[in-house]
Amino acid sequence: MSNYLGIDIGSISIKYVILSEDKEVIEEGYYRTHGDAIAATKKLLESIQVKKIDGICTTGSARKFIGQLISADTNIDEITAHRTAIKNMYKTVRTIFEIGGQDSKLIYFTDKSVNFEMNNVCAAGTGSFLDQQASRLGLSIEEFCKKGLNASDYHKIASKCTVFAETDMIHAQQSGIPIEKIIKGVHKGMVNNYFAQLCAGKDLKGDFLFEGGTSENQILIQSFLEKLKENGYIESDKEFIVPVPYNKIIGAIGAAMICMKKGIKNIRVVPRINEYKYIESGECYSCPNKCGAKIIKILINGKILTLGKSCQE
């Protein structure tokens, strides 16, 4: 039986899926990168139980970097990867919401076209901002969200800027506002900002799907559902889908599906990173283009790999 490996690596997490030729998820994993993409990839590869694979496809913001590192057969942008998986798995969906570690995405489509919007200007509406605020309060992200769920009401928090949002939170705390109301207000503000920045003026249709790591957050789920109803996008809760248990690995599933669709047959054992060491980083001016491309040299498995060049010397 053929097996395909899809890897999705973003700013704060890396995910993988082993997909069978019947498009069944037979193995999957999710890890935080903690600022070291290579170490996280090494850990991920070591955790894979399947012995042989027919192809590897990477996606996500670091797809090219990781793809070169492990000699992936192909890579694909995250919009195409997510759209591919959802088209196959959730056929009624026409709009996808994603709040990532460093950016937010909206993907909306018909049978003939795919459109997307992305907000990567400020981290105020992202998962990393929630992580930072939980840490500032001495809480895990799970404890942070649980406190917000206990609130019957919320305190309005500025949501368009990380500095203003944090200032609002601190001022509210100093004014004696219960932390539960503040946390819930942060989440409400994030969703309001998401709709104002990405959804305004769009003719969005359902069903709607919320995916990614932040789709584990019950306050965000609740806030999205309330906002969709308030704005008249949906009438029933059934029109809003959180694709558990695949909500955090949709991109990796899509990558594996694309690998399969391309008919890749490069059978080998799952690659491993046995040892690695960063040698140097800088800008490249070695060819006539003199483009100053950002490059990094890594000693990996006894070989020096130069990453970042896109030209042909």
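Residues numbered from 1 in each chain as written. Predicted model: local features only at pLDDT ≥ 70, side-chain atom pairs only at ≥ 80, totals over all residues. Heavy atoms only, no water.

J.: Any chance you could break down helix 2 (residues 63–70) for me, citing the residues and the numbers?
T.: Taken together, the buried positions of helix 2 are Arg-63, Ile-66, Gly-67, Leu-69 and Ile-70. Along the long axis of helix 2, the arc covered by the buried residues comes to 160 degrees, so they all point the same way. At the C-terminal side of helix 2, Ser-71 shows a positive phi close to 55 degrees. (Buried < 20%, exposed > 50% of the residue type's maximum accessible area, 1.4 Å probe, protein only. Helix = DSSP H or I, 4+ residues; strand = E, 2+ residues; numbered from the N terminus. Arc of directions from axis to C-beta.)

J.: Give me the lowdown on the nonpolar core, citing residues and values where you can.
T.: Counting 35 residues, the largest nonpolar core has Phe-97, Leu-106, Tyr-194, Phe-195, Phe-224 and Phe-240 as its most contacted members. At the level of elements, strand 7 (95–99), strand 8 (104–109), helix 4 (127–136), helix 5 (141–149), helix 6 (162–174), helix 7 (179–199), strand 10 (208–211) and helix 8 (218–230) are the ones that each hand at least two residues to this core. Per element, the largest residue contribution to this core is 10 residues, and it comes from helix 7. Ignoring any residue separated from it by four or fewer positions in sequence, one finds Phe-97 in contact with Lys-105, Leu-106, Tyr-194, Phe-195, Cys-199, Phe-208, Leu-209, Phe-210, Glu-211, Phe-224, Leu-228 and Phe-240. Counting 27 residues, the second largest nonpolar core, distinct from the first, contains Val-17, Val-93, Ile-96 and Ala-255. (Core = buried A, V, L, I, M, F, W, Y, C linked by side-chain atoms within 4.5 Å. Contact = heavy atoms within 4.5 Å.)

J.: So what's going on with the packing of helix 3 (residues 78–89) against helix 9 (residues 250–261)? Which residues, and what values?
T.: At a closest axis distance of 7 Å, the pairing of helix 3 and helix 9 adopts a crossing angle of 85 degrees. Between helix 3 and helix 9, the interaxial angle falls into the category roughly perpendicular. Across the interface between the two elements, Thr-80, Ala-81, His-82, Thr-84, Ala-85, Ile-86, Asn-88 and Met-89 of helix 3 pack against Ile-250, Gly-251, Ile-253, Gly-254, Ala-255, Met-257 and Ile-258 of helix 9. Taken together, the residues that form the contact of helix 3 with helix 9 break down as nine nonpolar, six polar and no charged. (Axes fitted to C-alpha atoms, helices over the stretch in contact; angles between N-to-C directions. Parallel < 35°, antiparallel > 145°, perpendicular 65-115°, else oblique. Nonpolar A, V, L, I, M, F, W, Y, C, P; charged D, E, K, R; others polar.)

J.: Could you give me a rundown of the sheet that holds strand 14 (residues 293–300), with the residues and numbers involved?
T.: Within the open sheet, the three strands sit side by side as 13-14-15. Their pairing is antiparallel. The open sheet terminates on both sides in strands that have one partner only, identified here as strand 13 (276–284) and strand 15 (303–307). Sheet twist, expressed as the mean angle between neighbouring strand axes with direction ignored, is 20 degrees. Bridge count between strand 13 and strand 14: eight bridges; the pairing is antiparallel. Following the sheet pairing, Glu-280 is matched in strand 14 by Lys-297. Strands in contact with helix 2 are strand 14 and strand 15; relative to strand 15, the strand with the most contacts, it is inclined by about 160 degrees. (Pairing = 2+ DSSP bridges.)

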